[in-house]
Amino acid sequence: MVDIHFVRKSMIEEQEPPAATTGVAGWIRENLFSSPLNAVLSILSIGFIVYVLSALLPWAISPTWAATSLGECREILAGHEGACWGVIRERWLQLLFGFYPKELYWRVVLDFALLIVAVAPVLFTGLPRKMLYFSAIYPFLMPWLLWGGSVWNPIAAALGFVLGYFAHKLAKPALGGLAAVILAFVVPIIWWMVLSGPVVDALGSVLPLAMETVQSRNFGGFMLSITIGVVAIAISLPIGILLALGRQSNLFIVRSLSVGFIEFIRGVPLITLLFVASTLLNIFMPPGTDFDIILRVIIMVTLFASAYMAEVVRGGLAALPKGQYEAADALGLDFWMSQRLIIMPQALKISIPGIVSTFIGVFKDTTLVSIIGLLDPIGLSTSIRADQAWNGVVWELYGFIALMFFIFCFSMSRYSMFLERKLQTGHR
Amino acid sequence: MSENAVERQVDRSQMEVSDKVAIQITHMNKWYGSFHVLRDINLSVNEGERIVIAGPSGSGKSTLIRCINRLEEHQAGEIIVDGTELSSDLKNIDKIRSEVGMVFQHFNLFPHLTILENCTLAPIWVRKIPRKEAEETAMHFLEKVKIPEQALKYPGQLSGGQQQRVAIARSLCMMPRIMLFDEPTSALDPEMIKEVLETMIQLAEEGMTMLCVTHEMGFAKQVANRVIFMDQGQIVEQNEPNEFFNNPQHERTKLFLSQILGH
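Residues numbered from 1 in each chain as written. Chains lettered and ligands numbered in written order. Predicted model: local features only at pLDDT ≥ 70, side-chain atom pairs only at ≥ 80, totals over all residues. Heavy atoms only, no water.

### Some remarks on the overall build of chain B
Here is the rule: Secondary structure elements follow DSSP: runs of H or I no shorter than four residues count as helices, runs of E no shorter than two count as strands, and numbering proceeds from the N terminus. Radius of gyration: C-alpha atoms only; globule rule: 2.2 Å multiplied by the number of residues to the exponent 0.38. Residues count as neighbours in contact if any of their non-hydrogen atoms are within 4.5 Å of one another. For the charge count, each Lys or Arg is scored as positive and each Asp or Glu as negative, with His and the chain ends excluded. A charge is said to be at NZ when it belongs to Lys, at CZ for Arg, at CG for Asp and at CD for Glu.
When helices and strands are counted, chain B shows 9 helices and 10 strands. Against the globule reference of 18 Å for 263 residues, chain B gives a C-alpha radius of gyration of 18 Å, in line with a compact fold. Oriented by its inertia axes, the alpha-carbon framework of chain B measures out at about 55 × 45 × 35 Å. In chain B, once contacts between residues fewer than 6 apart in sequence are set aside, the share between residues at least 24 apart is 70%. Between the mean site of the 27 positive side-chain charges and the mean site of the 36 negative ones, chain B shows a separation of 3 Å.

### Section: the domain arrangement of chain A
Rule in force here: These domain boundaries are the output of an automatic or database domain assignment.
Domains assigned within chain A are domain 1 (37–91), domain 2 (149–211) and domain 3 (218–423). Taking the mean C-alpha position of each, domain 2 of chain A and domain 3 of chain A sit 27 Å from one another.

### Overview of the pairing of strand S10 (residues 234–239) of chain B
Residues and elements named next belong to chain B. This is how it is decided: Between any two strands, pairing holds if DSSP finds at least two bridges.
As judged from the 5 bridges shared by strand S9 (residues 226–231) and S10, these two strands associate in the antiparallel manner. Bridge pairing in S10 links Met230 to Ile235. Where S9 hands over to S10, the hairpin turn is made up of 2 residues, of which Gln232 adopts a positive phi near 50°.

### A short note on the pairing of strand S8 (residues 209–213) of chain B
All names here are of chain B. Stated formally: Any residue under 20% of the maximum accessible area for its type is buried, any over 50% is exposed, and the rest in between are partly exposed; the area is computed with a 1.4 Å probe on protein chains only.
Across the 5 residues that make up S8, a large majority, 5, are buried. Pairing geometry for strand S3 (residues 50–54) and S8, over 4 bridges, is parallel. Looking across to S8, one finds that Ile51 is bridged to Leu211. The sheet contact formed by strand S7 (residues 178–182) and S8 spans 5 bridges and is parallel. Bridged to Phe181 within S8 is Cys212.

### Remarks on the interface of chain A and chain B
For the record, the criterion: Here, a salt bridge means any Lys or Arg side-chain nitrogen found within 4 Å of an Asp or Glu carboxyl oxygen. Polar contacts, as used here, are pairs of N or O atoms within 3.5 Å; protein pairs need one atom able to donate a hydrogen and one able to accept it. Residues neighboring in sequence count only if both atoms are side-chain atoms. We call Asp, Glu, Lys and Arg charged. Ala, Val, Leu, Ile, Met, Phe, Trp, Tyr, Cys and Pro are nonpolar, and the rest, Gly among them, are polar.
In this complex, chain A contributes 20 residues to the contact, which on the side of chain B involves 25 residues. Linking chain A with chain B are 1 salt bridge. Among the ionic pairs, Arg66(B) bridges to Glu326(A), the shortest N-O distance being 2.6 Å. Viewed at the interface, chain B and chain A are joined by 5 residue pairs in polar contact (both at pLDDT 80 or more). Mapped by element, the contributors of at least two residues to the side of chain A that touches chain B are helix H13 (322–330) and helix H14 (335–365) of chain A. Here the element with the most residues in the side of chain A that touches chain B is H13(A); it accounts for 8 residues. Looking at the side of chain A that touches chain B, its residues break down into 9 nonpolar, 6 polar and 5 charged.

### Details of the pattern of salt bridges
Within this structure, the stated rule accounts for 23 salt bridges over all chains. Salt-bridge contacts for Glu206(B) lead to Lys144(B); the nearest nitrogen and oxygen are separated by 2.5 Å. Pair noted here: Glu206(B) is in the loop between helix H6 (190–205) and S8 and Lys144(B) is in helix H4 (residues 131–144), with a separation of 62 residues, a long-range link. What you see here is one network of salt bridges that share partners, running through Arg247(A), Glu263(A), Arg266(A), Glu311(A) and Arg314(A).

### Quick look at the confidence of the model for chain A
Under the convention used in this document: For every residue, the predictor states its confidence as a pLDDT score lying anywhere from 0 to 100.
Here chain A averages 88 in pLDDT, and 99% of its residues register 70 or above. Element-level pLDDT for chain A is lowest in helix H8 (residues 177–206) of chain A, with a mean of 81, against a maximum mean of 95 in helix H10 (residues 252–266) of chain A.

### Remarks on the environment of Ile262(A)
Residue and element names in this part refer to chain A. Here Ile262 is to be found in helix H10. Each C-alpha atom of the pair Ile262 and Arg247 lies 8.9 Å from the other, and the pair is 15 residues apart in sequence. Non-local contacts of Ile262, meaning those with residues more than four positions away in its chain, are made with Leu243, Arg247, Ala307, Ala310 and Glu311.

### Looking at the state of the cysteines
Counted only if it meets this: Here, two cysteine sulfur atoms that lie within 2.5 Å of each other are counted as a disulfide.
Scanning the entire structure with this criterion turns up 1 disulfide over all chains. The side chain of Cys73(A) participates in a disulfide bridge whose partner is Cys84(A); the two sulfur atoms lie 1.8 Å from each other. Residues Cys73(A) and Cys84(A) are joined by a disulfide whose S-S torsion is about 75°; by sign, that bridge is right-handed. Here Cys73(A) is found in helix H3 (residues 70–77), whereas its partner Cys84(A) is found in the loop between H3 and helix H4 (86–97), with 11 residues between them in sequence. This pair shows no difference in class: Cys73(A) is buried, exactly as Cys84(A) is. Cys119(B) carries a free sulfur, and the closest cysteine sulfur to it, the one in Cys173(B), is 4.5 Å from it.

### So, the packing of aromatic side chains
For the record, the criterion: The rule is short: rings of Phe, Tyr and Trp, with Trp giving its six-membered ring, pair when the centres are within 6.5 Å, and they are stacked under 30 degrees, edge-to-face over 60, tilted in between. Should the NZ of a Lys or the CZ of an Arg lie within 6 Å of a ring centre and within 35 degrees of the ring normal, that charge is described as sitting over the ring.
Scanning all chains against the criterion turns up 19 aromatic pairs over all chains. Considering the side-chain rings of Tyr100(A) and Phe219(A), the 5.5 Å spacing of their centres and the 70° angle between planes classify their relative orientation as edge-to-face. Placement of Tyr100(A) in the loop between H4 and helix H5 (105–123) and of Phe219(A) in the loop between strand S2 (210–211) and helix H9 (221–248) is noted, with a sequence separation of 119 residues between them. With respect to burial, Tyr100(A) and Phe219(A) carry one shared label: buried. Between Phe406(A) and Phe410(A), the ring centres sit 5.2 Å apart and the planes meet at 10°, which makes this aromatic pair stacked. With a gap of 4 residues between them, Phe406(A) and Phe410(A) both fall in helix H16 (residues 395–422), about one helical turn apart. The rings of Phe222(A), Phe363(A), Phe405(A) and Phe408(A) are connected pair by pair, giving a single aromatic cluster. A cation sits over an aromatic face here: Arg170(B) above Phe110(B), 4.5 Å from the ring centre. The lysine or arginine in question, Lys221(B), covers the ring of Phe245(B), its NZ or CZ lying 5.1 Å from the ring centre.

### Considering the sheet that holds strand S5 (residues 84–85) of chain B
Residue and element names in this part refer to chain B. One open sheet holds the 4 strands; their spatial order is S2-S1-S4-S5, and the pairing between them is antiparallel. Both outer strands of the open sheet, strand S2 (35–46) and S5, are each paired with one neighbouring strand and no more. Summarising the sheet, strand S1 (residues 21–32) and S2 pair through 8 bridges and their orientation is antiparallel. What sits directly across from Val21, in S2, is Asn46.

### Details of unusual backbone geometry
All names here are of chain B. The phi dihedral of Phe107 falls on the positive side, at around 65°, and the residue is not glycine. On the basis of relative accessibility, which here comes to 11%, the residue Phe107 falls in the buried class. For Lys128, which is not a glycine, the phi torsion comes out positive at approximately 60°. Summarising the element assignment, Lys128 is placed in the loop between helix H3 (115–125) and H4.

### As for the environment of Ala19(A)
All names here are of chain A. Here Ala19 lies in the segment before helix H1 (23–31). Residue class for Ala19 comes out exposed when judged on its relative accessible area of 63%. Separated by 247 residues in sequence, Ala19 and Arg266 have C-alpha atoms that sit 57 Å apart.

Here you go:
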């Protein structure tokens, strides 16, 4: 017979885990050498990293910061392999600002500093909600700071939205919901198309408050990429949401238009759209109209991003259980309320990785504008190399550009992970 | 099929059936494509009635109560809820939905909102009640379903039974005149079924008009004043519970009862 009787005489005190399983040694054991395969992979990977760095670092650490031409770099290096960093020192401002007038750089810097202030309360809900008022003003401030011109322009643009709001508010009790919505669109459009121009001119002649105008052709470098990228990102999300809803709509016309738009845009390369923006659009415009090239590009990039965004959001919508819609309906929430309060918060949360991927893609795609002659960083690098002094410098320029893009894209990626963690109410 | 009876005497003092009609369904028909799911349904529900709808799966019982708040659209006939006819008029639909509460098999709580927010959302946005007042009402009903201490948690942190009780509280916060229950206990563990049934009995004791699609025959015997048996999209038999269980008339009803009560 087996003796199964046991009574504990004394309780065991808590003890330290074995030294080999904690601290640095423990981490290395667990993460790098947990199995023979893992050990082999670790050693091979470390070997590869060492090999790459041993080739890269001697090249990158190169005493050519002060050089003023590629020739000078070669003299300094005296036959050794090495990077020619002089080009970055001499041209970094150009890579950031393009041909924007030097004395007006402050406007760009201020603009992007304010961009951070405007975006912060949207990104981080912990910040005071009052900051959102500034976020609402910023879209009008931003183009004025960048392009300059009369202060009445942004005010007139903003006034259009105010007019639309009041048109809706006043018309709703008098004419009913649908008429109010139509008026809310029509009134601002009439204002922008017909009235705002003369009014701005009149106000400008009475009170000529204006900043020096900067032409679009002087825009370039990262400020151009960021301008196009930020506007396209900010506008493509709401348009994408509307398109995704349109694609799911029960209304045949709305659904067909949404599907048609999405499939057409996704079926056409961005470059084609950009060529349309740069050349073809002018043909349709009445002769003499000056429709800003950057604005045209922004519109095309935005439409392009919206189509992708719509599909990403649709994926999120499809992942929601039908019960969520039913519960919202059963409580008496109307369509827009249930979208805003129940469906979208969940669908967008599910789609965060896809949305941010699209954002990153859009931002990187802004480099394609170099093909239609805008001087984004890639376009500038070509023109810098056209300079006699730097003819032949390739890696340094592209390396710098890559680094700048990496910083922006990596920040977006990290933010997306932060957001996913924050919204994790887990346990669906 | 279980006979989960709650071990206490049900207080019938408040359970009065008034002669005011709450729901009037006449010659209602519904098709899914060419499939005839509901066939000539005629049903009149008075205020204060507790009706249990039973029947095999696919008999159309869920579809029937989902037609009452227009989660499903009927194609022929008439449904009048609280004097308002259900038509494609969105205003009528929203009005009826805010007066008819519904509890689902899978709870359908909003996972991104806390329990309290789940309960206050519709009162604040649909009824336009001030937040503070809505929160007080919500806490009142959460206390009633015995989980006020969970108010700040998220649905995912609660057990199934607790979630279903929250779902009931969420519906009650809209002060509905009628409650629809669509198999409220079918997705629950046996232990949790009782806590949900207890909540439903409590509600019945207070005189709520209730339509319950359920397989809980114990609940039907204890609480219902009428049992409706459905098969193949039609009402096959209805009677008061004693008669229904002890003296079924239709062959299909007898077969059904022998299967669910026989063992």
